[in-house]
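This is what each chain is made of:
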Amino acid sequence: MLRVDRGRGTFVAAKTIRYAIGKRVRYNQTLKAQGWQVRFQLLRVLEVPADDAIAKGLEIPYGEPVALIERLSFADEEPISMGTGYFPLKRFPDFLEPKNIKILQEQQSISQFLQQVYGCDHIRRSTCVSARLVQPQDAKWLQLSLNQPILLAESVNVDQTGNVIEYGVTRLRGDRMELFFENDLAG
């Protein structure tokens, strides 16, 4: 299969990665089931005050402190997405402790980290997906030219009791990722 990039030429298209948007947040499991080697590179870990979008997503007051975790995701050593997760520090006061960041890096999974450290489930409440051109900083990390489209997914995730635990913004390579939506028919 071939891919045409305007102004660049024609290239052999890489295999598409299918990612299900369902109730469970299981990024690693989904990619591994398709035969991909998955890993993450931690780019930023810091405390920031919640701006309007973060406060709305987390359902917290504007300015409340949150943990920002930004990671670059690889499939078979190719960068495929960048995810920025915001976690309320009122709910997770020791989230940014070095011992917890070490566990997060070892787990390579936010879902497993939350389960191990906090006994907390990681359930998707909502996801809004849109398309846009890649921003310069993301283009560098994702190894894309500036005229390339990305998929932008904004998610709100909750724990097993329905409390919001994460607001996430993920930028996925539009040329490599395909999102599909699954409905839970049991409820």
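Quick caveat, the model's predicted, so the values are computed rather than measured.

(A) Representation of the overall build of the chain within the structure. When you go through the chain residue by residue, the secondary structure sums to 5 helices and 10 strands. A total of 187 residues make up the chain; the buried ones form 46% of that total. Restricting the contact set of the chain to residue pairs at least 6 apart, pairs at least 24 apart contribute 57%. Of the accessible surface of the chain, which amounts to about 10000 Å², a share of 52% is contributed by carbon and sulfur atoms.

(B) Just the environment of Ala131, in detail. Take Ala131: it is sitting in strand β7 (residues 123-133). Between the alpha carbons of Ala131 and Leu172 there is a distance of 9.5 Å; along the sequence they are 41 residues apart.

(C) Representation of the nonpolar core. Ranked by size, the top nonpolar core spans 16 residues in total, and within it Ala50, Ile54, Leu58, Ile60, Val66, Tyr86 and Tyr167 carry the most contacts. Listed by contribution, the elements that provide at least two residues to this core are α2 (52-58), β5 (65-75), β8 (149-158) and β9 (164-173). Look past the residues within four positions of Ile54 in its chain and what remains in contact with it is Val66, Tyr86 and Tyr167.

(D) Quick look at the packing of aromatic side chains. This model, assessed by the stated rule, comprises 7 aromatic pairs. Ring plane angle 10° and centroid distance 6.4 Å describe the contact between Phe95 and Tyr118, whose orientation is recorded as stacked. With Phe95 in the loop between β6 (78-88) and α3 (98-107) and Tyr118 in helix α4 (residues 110-118), this pair connects stretches of sequence that are 23 residues apart. By the burial criterion, Phe95 is buried, and Tyr118 matches it. Measuring from ring centre to ring centre gives 6.0 Å for Phe113 and Tyr118, while their planes differ by 80°; the resulting arrangement is edge-to-face. Each of the two residues, Phe113 as well as Tyr118, counts as buried. Between the NZ or CZ atom of Arg71 and the centre of the ring of Phe40, over which it lies, the distance is 3.7 Å. The ring of Trp141 is capped by Lys140, whose NZ or CZ atom sits 5.3 Å from the centre of that ring.

Basis of the calculations
- Residues numbered from 1 in each chain as written.
- Predicted model: local features only at pLDDT ≥ 70, side-chain atom pairs only at ≥ 80, totals over all residues.
- Heavy atoms only, no water.
- Helix = DSSP H or I, 4+ residues; strand = E, 2+ residues; numbered from the N terminus.
- Buried < 20%, exposed > 50% of the residue type's maximum accessible area, 1.4 Å probe, protein only.
- Contact = heavy atoms within 4.5 Å.
- Areas by Shrake-Rupley, 256 points an atom, 1.4 Å probe, with all protein chains shown as cover.
- Core = buried A, V, L, I, M, F, W, Y, C linked by side-chain atoms within 4.5 Å.
- Phe/Tyr/Trp six-rings, centres within 6.5 Å; stacked < 30°, edge-to-face > 60°.
- Lys NZ or Arg CZ within 6 Å of the ring centre and 35° of its normal.

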